[in-house]
Amino acid sequence: MAATDPTGDTDPLVIAGETFGSRLIMGTGGAPSMHVLEEALVASGTELTTVAMRRVDPSARGSVLDVLRRRGIRVLPNTAGCFTAGEAVLTAKLAREALGTDWIKLEVIADERTLLPDPVELLDAAEQLVDAGFTVLPYTNDDPVLARRLEQVGCAAVMPLGSPIGSGLGIRNPHNIELIVEQAEVPVILDAGVGTASDAALAMELGCDAVLLATAVTRAQSPVAMATAMRHAVQAGRLARRAGRIPKRRYAQASSPWEGIGTS
Amino acid sequence: MPTSTNAPDLLIIGAGVIGLATAWRVARRGLAVTVLDPAPAGGASRVAAGMLTPVSELTYGEEPLLHLGIASRDRYPAFVAELEEVSGRRTGYRRDGILEIAFDSDDLAFLEDLRRFRQSLGVPAEALSGRECRRLEPMLAPSVRGGLLAPEDGSIDPRRLTAALLTAAERTGVRMDRRRAAGLVVERDIAVGVRLDDGTVLRAEKILLAAGAHSGDLDGLPDGAVPQVRPVKGQVIRLRTATPFLGRSTRGVVRGSSIYVVPRDDGEVVVGATQEEMGFDTTVTAGGVWQLLRDARELLPGITELEFAEVSAGLRPGSPDNAPALGPSPLPGLFLAVGHFRNGVLLTPVTADAMTEILVDGTVPEVAVPFAPDRFAEEARA
Ligand SMILES: Cc1cc2nc3c(=O)[nH]c(=O)nc-3n(C[C@H](O)[C@H](O)[C@H](O)COP(=O)(O)OP(=O)(O)OC[C@H]3O[C@@H](n4cnc5c(N)ncnc54)[C@H](O)[C@@H]3O)c2cc1C
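Residues numbered from 1 in each chain as written. Chains lettered and ligands numbered in written order. Predicted model: local features only at pLDDT ≥ 70, side-chain atom pairs only at ≥ 80, totals over all residues. Heavy atoms only, no water.

Asks: So, the packing of aromatic side chains: which residues are in play, and what are the values?
Replies: Residue and element names in this part refer to chain B. Applying the stated rule across the entire model yields four aromatic pairs over all chains. Ring geometry for Y76 and F79: centres 5.9 Å apart, planes at 75°, overall edge-to-face. Remark: F79 and Y76 occur in helix α3 (residues 63–87); sequence separation between them is three residues, near one turn of the helix. Residue Y76 is classed as buried on the basis of its relative accessible area of 0%. By relative accessible area, F79 is classed as buried at 1%. Plain terms: the ring middles of Y76 and Y93 are 5.6 Å apart, the flat faces sit at 10° to each other, and that makes the pair stacked. Residue Y76 is located in helix α3, and its partner Y93 is located in the loop between α3 and β4 (98–102); the two are separated by 17 residues in the primary sequence. For Y93, a relative accessible area of 21% gives the class partly exposed. Taken together, W24, Y76, F79 and Y93 form an aromatic cluster joined through their ring pairs. Directly above the aromatic system of W24 lies the positively charged group of R25, at a separation of 4.8 Å from the ring centroid. Sitting over the ring of W24, R28 keeps its end group 6.0 Å from the ring centre. (Phe/Tyr/Trp six-rings, centres within 6.5 Å; stacked < 30°, edge-to-face > 60°. Helix = DSSP H or I, 4+ residues; strand = E, 2+ residues; numbered from the N terminus. Buried < 20%, exposed > 50% of the residue type's maximum accessible area, 1.4 Å probe, protein only. Lys NZ or Arg CZ within 6 Å of the ring centre and 35° of its normal.)

Asks: Could you give an account of the site of the ligand, with specific residues and numbers?
Replies: Residue and element names in this part refer to chain B. Lining the immediate surroundings of the ligand are 39 residues, of which D37, S45, M51, F341 and L346 lie closest. Here an oxygen atom of the ligand and a backbone polar atom of V17 are 3.3 Å apart. Within the backbone of L346, a nitrogen or oxygen atom sits 2.7 Å from an oxygen atom of the ligand. When the free accessible area of the ligand is taken as 1000 Å², the share hidden by the protein chains comes to 95%. Elements that contribute at least two residues to the shell around the ligand include exactly α1 (17–28), α2 (44–47), β13 (230–240) and β17 (307–318). (Near = heavy atom within 4 Å. Polar contact = N/O pair within 3.5 Å; in protein donor to acceptor, adjacent residues only side chain to side chain. Areas by Shrake-Rupley, 256 points an atom, 1.4 Å probe, with all protein chains shown as cover.)

Asks: Describe the nonpolar core, with residues and values.
Replies: Grouped burial of nonpolar side chains is what soluble globular proteins tend to show. Among the nonpolar cores identified, the biggest contains 63 residues, and L106 and M230 of chain A are the most heavily contacted of them. If we skip the residues at most four places from it in the chain, M230 of chain A touches L24, V194, G195, T196, A197, A200, L213, A216 and V217 of chain A. Within the second largest apolar cluster, 45 residues are counted, among which are L10, V80, L208 and L347 of chain B. (Core = buried A, V, L, I, M, F, W, Y, C linked by side-chain atoms within 4.5 Å. Contact = heavy atoms within 4.5 Å.)

Asks: Give a description of the side chain of E100 of chain B that names residues and reports values.
Replies: Within the secondary structure, E100 of chain B is located in strand β4. Here the side chain of E100 of chain B touches R118 of chain B through a polar contact of 3.2 Å, side chain to side chain.

Asks: Describe in detail the domain arrangement of chain B, supporting the description with residues and values.
Replies: Where interface size is given, it is often the accessible area lost as the parts come together that is meant. All names here are of chain B. Looking at chain B, the domain boundaries give domain 1 (10–46 + 160–229 + 320–381) and domain 2 (100–151 + 230–318). Contact between domain 1 and domain 2 buries roughly 1200 Å² in total, counting both sides, with carbon and sulfur atoms accounting for 57%. A per-residue breakdown of the area domain 1 buries against domain 2 is headed by R46, A213 and F341, which together make up 45% of the total. With its nearest N and O atoms 4.0 Å apart, the salt bridge here joins R46 to E310. (Domains from an automatic or database assignment. Buried area = accessible area lost by both parts, 1.4 Å probe. Salt bridge = Lys/Arg side-chain N within 4 Å of Asp/Glu carboxyl O.)

Asks: Describe the sheet that holds strand β11 (residues 201–203) of chain B, and please don't skip the residues or the numbers.
Replies: Residues and elements named next belong to chain B. Spatial ordering of the open sheet is given by β9-β10-β11, a layout of three strands whose pairing is antiparallel. Whereas interior strands pair on both sides, the edge strands pair on one side only; in this sheet they are β9 (181–187) and β11. Each neighbouring strand pair of the sheet contributes to a mean axis angle of 35°, computed without reference to strand direction. Bridge analysis of β9 against strand β10 (residues 190–196) gives six bridges, and the strand direction is antiparallel. Across the sheet, the residue bridging to G183 is R195, located in β10. (Pairing = 2+ DSSP bridges. Axes fitted to C-alpha atoms, helices over the stretch in contact; angles between N-to-C directions.)

Asks: Residues and numbers for the pairing of strand β5 (residues 74–78) of chain A, please.
Replies: Residues and elements named next belong to chain A. Extensive coverage of β5 is indicated by the burial of four of its five residues. Pairing analysis gives five bridges linking strand β4 (residues 48–52) to β5, with the strands arranged parallel. When the sheet's bridge partners are listed, T49 is paired in β5 with V75. Following the chain from β4 across helix α2 (residues 64–70) to the adjacent parallel β5, one finds a crossover that is right-handed. (Right-handed = clockwise from strand over helix to strand, strands pointing away.)

Asks: Describe helix α1 (residues 34–44) of chain A, and please don't skip the residues or the numbers.
Replies: All names here are of chain A. Of all eleven residues making up α1, eight are buried, and the element is well covered by its neighbours. Residues of α1 that are buried: M34, V36, L37, E38, A40, L41, A43 and S44. Just downstream of α1, G45 is the residue with a positive phi angle, here 70°.

Asks: So, the environment of T304 of chain B: which residues are in play, and what are the values?
Replies: Note that T304 of chain B resides in the loop between α7 (286–299) and β17. Sequence separation between T304 of chain B and V123 of chain B is 181 residues, and the spatial gap between their C-alpha atoms is 35 Å.

Asks: Please provide a residue-by-residue account of the sheet that holds strand β16 (residues 268–272) of chain B, values included.
Replies: Residue and element names in this part refer to chain B. Read across the sheet, eight strands follow the order β5-β6-β4-β14-β15-β16-β13-β17 without closing on themselves; strand pairing throughout is mixed. The two strands at the open ends of the sheet, each matched to only one other strand, are β5 (126–129) and β17. Strand-to-strand twist of the sheet, defined as the mean angle between neighbouring strand axes without regard to direction, takes the value 20°. Here β4 pairs with strand β14 (residues 249–254) via five bridges, running parallel. Its bridge partner lying in β14, E100 is registered against R251. Packed onto the sheet, α7 meets β4, β13, β14, β15 (257–263), β16 and β17 and runs at close to 55° relative to β13.

Asks: How would you summarise α3 of chain B if you had to cite specific residues and measurements?
Replies: Residue and element names in this part refer to chain B. Across its 25 residues, α3 extends 35 Å between first and last C-alpha, which sits within 8% of the 36 Å expected from 1.5 Å per residue. At Y76, α3 is bent by approximately 45°, the largest bend along its length, and proline P77 sits one to four residues beyond. G88 sits one or two residues past α3 and shows a positive phi near 70°. (Expected span 1.5 Å × (residues − 1). Bend = angle between axes of the 7 residues up to and from the residue.)

Asks: Residue-level account of the packing of helix α7 (residues 197–205) of chain A against helix α9 (residues 223–243) of chain A, with values.
Replies: If you want to describe how two helices pack, look at the angle between their axes and the distance between the axes. Residue and element names in this part refer to chain A. At a minimum axis distance of 7 Å, the contact between α7 and α9 shows a crossing angle of 30°. Regarding the angle of α7 to α9, the classification is roughly parallel. The two elements α7 and α9 cross, and the hand of that crossing is right-handed. Packed against α7, whose contacting residues are A197, A200, A201, M204 and E205, the element α9 presents A229, M230, A233, V234, G237, R238, A240 and R241 at the interface. When the residues that make up the contact of α7 with α9 are grouped by side-chain class, the tally is nine nonpolar, one polar and three charged. (Parallel < 35°, antiparallel > 145°, perpendicular 65-115°, else oblique. Left-handed = near helix turned anticlockwise from the far one by under 90°. Nonpolar A, V, L, I, M, F, W, Y, C, P; charged D, E, K, R; others polar.)

Structure, rendered in structure tokens:
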């Protein structure tokens, strides 16, 4: 489902040389059932979905990995639940062995209450994993300096949070996200905090290359409907960004001129 | 009892709550029943906490399950009365309500959302303030924010329940065969029997698969005959107390993570449960125990004074939509009662009654219609 804008250009997302037609990356946590999860993933149009390696057995049948395989969705293993660089590196290596992918969504969190990234451990782990040949996509604070440092050590993307994981608080510091986007030469993926469709659209309007979300869909009253909304929101936000919005004005400006063209 | 030939009318694979209860009810109708299980009552039924709560565990999208759960919960009093009479054993059944507690304000918002959802389905739950919750359960942490009371819900001790079912089944003429079913024997597209590990074939008129999380393991199952059933691991702790600690089963939402504590009349206090997608692994882990005790202690600070008796892990039989598959499979001769996931103990009476009607009378009762195994057919093809 390659997104095509009205000018006819295809506009794929490219991460580390790999191309994705959809700019919506999904997570799986919190889904009420496998059946609902599967329907929601299909409705979202996602081509890349992240799975917590500490929470699945890759060899088990009927698992979320089976669902992804069946639906042709690429799996992005993550290191959710790790508090130290050491654990995260180990988890990434186990994921590579089990799933045969060197892509890793790197999460090193500081505490259970906020689930905010621990910047020091994160940078350390990112460096080690890049050295070990991984394609590293780090979940980071919305800190432009840290984002730059992560890019400098060789991460394939940066994934700043909009607000804490699962909070649904949206993008709390849009200015920082814009700063990160402005300076980044790798894709910027808004990760965490999306509560509803407008949050996802805003992320794209701010210039993010993609949005990653889970809870907003899996815990919605109708996950399938919300997944559809998110797919449209990401597309709409991306188109709006590329279309170039009008400047904001203080006073009204009539859209149909009183004189000139258009009068008969 | 018509046990004339050695081929029984019904061969049941699996002696968990579902297989045993169905065996007893079908035998009561006069059929010859054999149950195969190398370790009767050794599956999830041995680990389960035994909460009987169609309401407390209700979430969005599980409305059809609600009606099945309520039907089953309401059959429990009569079911238990008859079972205790036939078996001469107690089951630890109680119907004293389940209290659901919100720990912080985020948890309270979550419970309030759930309360409104239940109300919209016509299942009201009584909202209580933190103070009212603590009046009911003084051991609750002073900081709890509020709760819901589901007065019709209750609990049972699943270990006593399976022991009683085993006795009742045997007294009603059910033959227990402590061997494992290795494969299904299919002749001319009809299931005609079961092959054991040593190659012996047991034939039967009808075969009921009720092997819990292992229901997909049988050799020789044709594609699509059994919906996907996956094991969902749960770890549970058992504590003991000499003095009453908690009046009724209490569930908590503690900083977004859920925990329950189920007291029994004999002093056992069950704390559960983790929910892990780890295949057939049943190891107990430090992290599992820690998570349960952490949340239980937040909710009930005094709980760490209790004696630590046991930790165990079981495999919930999870179906794709969290609801069971009840009824004839697409393969003639093979019937299913699988996929009860988190609710198998609750759903035991209604499952046993529905399967009895299906197996003995050949009709599908109204309550079981939404749970026909063929509802997964489309997914299997995708
Ligand atoms: C931690 C935990 C807590 C739970 N709490 C609750 C609760 O509070 N309330 C509730 O209602 N439910 C609860 N459940 C769910 C409940 O335990 C299950 O839904 C229920 O036990 C399913 O019953 P069953 O008879 O289908 O499977 P099981 O109880 O697993 O029994 C299956 C039986 O089949 C046998 N078997 C397997 N393979 C073969 C074979 N090849 N041949 C012969 N026999 C075989 C096994 O030995 C076993 O005895 C809980 C489950 C867990 C794990």
